Amino acid sequence: MPDKAKELNTTVELINNKLHFNGTAGNNTPVSIDYFPPLGDDLGYTSLELLLLSLSSCVGSAVITFLRKMNKEITGFKIISKGIRKEEHPTGFKSITLNILITAPDTSSDDMDKVIQLTEDKYCPVWSMLKGNVELFINYQIVF
């Protein structure tokens, strides 16, 4: 069995006569992936929506891990993401904005700036892969 830290494996399988796929990784619940009509039936996430989710969960995991290592109390955490697509093909993202809403009574703006910088520089592989190709903006609001 491969080491998940070094090698990841997934499968996508077409399940209709358009562009609806089921995607799986390991024994996890399948993810429904589709495209907008007329090419697809809008029965699942688009590939770019999954990319936004991947980036958001990667950033969120790193930020929360660092804040917890700083012994910060986190009672709520949410990231709302928005990707703006290019007009020309390939119509990938030209910019992505992540808006972090964190409930953490003992976390300061300096703490957030520090952990976001660490996340960007060293600890979020999804961000690393997007760097240089997509403008990435991160905003946060701390609720006490």
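Note: the structure precedes this text.
These notes cover the structure that comes with them.

1. Details of the overall build of the chain
Move 1: For the chain, the count of helices and strands is three helices and six strands.
Move 2: Ordered by position from N to C terminus, the α and β elements of the chain give β-β-β-α-β-β-α-α-β.
Move 3: Oriented by its inertia axes, the alpha-carbon framework of the chain measures out at about 55 × 40 × 25 Å.
Move 4: Taking all 144 residues of the chain together, 30% fall into the buried category.

2. Points about the packing of helix α1 (residues 47–69) against helix α2 (residues 109–123)
Move 1: Two elements in contact, α1 and α2, have axes whose closest approach is 9 Å; the angle formed by their N-to-C orientations is 125°. Judged on the interaxial angle alone, α2 and α1 are oblique. Of the two possible hands of crossing, α1 and α2 adopt the one that is right-handed. In contact with V59, A62, V63, F66 and L67 of α1, α2 contributes D111, M112, V115, I116, L118, T119 and Y123.

3. What to know about a nonpolar patch on the surface
Move 1: A surface patch of nonpolar side chains, about 340 Å² in accessible area, is lined by L19, Y35, F36 and L39.
Move 2: Counting through the fold element by element, Y35 comes out in the loop between β3 (31–33) and α1.
Move 3: For Y35, a relative accessible area of 30% translates into the label partly exposed.

4. Details of the sheet that holds strand β2 (residues 21–24)
Move 1: Reading across the sheet, the three strands line up as β1-β2-β3 and stay open at both edges, with antiparallel pairing between neighbours. The sheet is open, and its two borders are formed by β1 (11–14) and β3, each paired with just one other strand. Across this sheet, the average inter-strand angle for adjacent strands is 30°, counted without regard to direction.
Move 2: Judged from the three bridges that link them, β2 and β3 form a sheet pairing that is antiparallel. Opposite G23, over in β3, you have V31 as the bridge partner.

5. Considerations on the side chain of D34
Move 1: For D34, the location among the structural elements is in the loop between β3 and α1.
Move 2: For the buried D34, no salt bridge is present, and the opposite-charge side chain at shortest range is K18, 8.0 Å distant.
Move 3: Among the polar contacts listed, one links the side chain of D34 to the backbone nitrogen of H20, at a separation of 3.5 Å.
Move 4: Within the local environment of D34, its side chain forms a polar contact with the backbone nitrogen of L43, the two atoms lying 3.0 Å apart.

6. Notes on α2
Move 1: Here α2 contains 15 residues, and its C-alpha end-to-end distance of 20 Å stays within 8% of the 21 Å for a straight helix at 1.5 Å per residue.
Move 2: Within α2, burial applies to D111, M112, V115, I116 and T119. Around the axis of α2, the buried residues are gathered within 125° of arc, so they sit on the same side. Facing away from the buried surface of α2 by more than 90 degrees, the exposed residues are D110, K114 and K122.
Move 3: On its buried side, α2 packs onto α1, β5 (93–103), α3 (125–130) and β6 (135–143).
Move 4: The residue sitting at the N-terminus of α2 and contributing the capping side-chain oxygen is S108; that oxygen lies 3.4 Å from the backbone nitrogen of D110.

7. Observations regarding the nonpolar core
Move 1: Formed by 28 residues in total, the largest nonpolar core has its most connected members in L55, V59, I96 and M112.
Move 2: Looking at this core, the elements with two or more residues in it are α1, β5, α2, α3 and β6.
Move 3: When residues in this core are grouped by element, the largest group, nine residues, is from α1.
Move 4: Beyond its immediate chain neighbours, meaning those up to four positions away, M112 contacts V63, L67, I100, I102, T107, Y140 and I142.

Calculation criteria
Residues numbered from 1 in each chain as written. Predicted model: local features only at pLDDT ≥ 70, side-chain atom pairs only at ≥ 80, totals over all residues. Heavy atoms only, no water. Helix = DSSP H or I, 4+ residues; strand = E, 2+ residues; numbered from the N terminus. Buried < 20%, exposed > 50% of the residue type's maximum accessible area, 1.4 Å probe, protein only. Axes fitted to C-alpha atoms, helices over the stretch in contact; angles between N-to-C directions. Parallel < 35°, antiparallel > 145°, perpendicular 65-115°, else oblique. Left-handed = near helix turned anticlockwise from the far one by under 90°. Contact = heavy atoms within 4.5 Å. Patch = residues over 30% accessible without salt bridge, like charges linked within 9 Å, V, L, I, M, F, W, Y side chains within 5 Å. Areas by Shrake-Rupley, 256 points an atom, 1.4 Å probe, with all protein chains shown as cover. Salt bridge = Lys/Arg side-chain N within 4 Å of Asp/Glu carboxyl O. Pairing = 2+ DSSP bridges. Lys, Arg positive; Asp, Glu negative; His and termini not counted. Polar contact = N/O pair within 3.5 Å; in protein donor to acceptor, adjacent residues only side chain to side chain. Expected span 1.5 Å × (residues − 1). Arc of directions from axis to C-beta. Core = buried A, V, L, I, M, F, W, Y, C linked by side-chain atoms within 4.5 Å.

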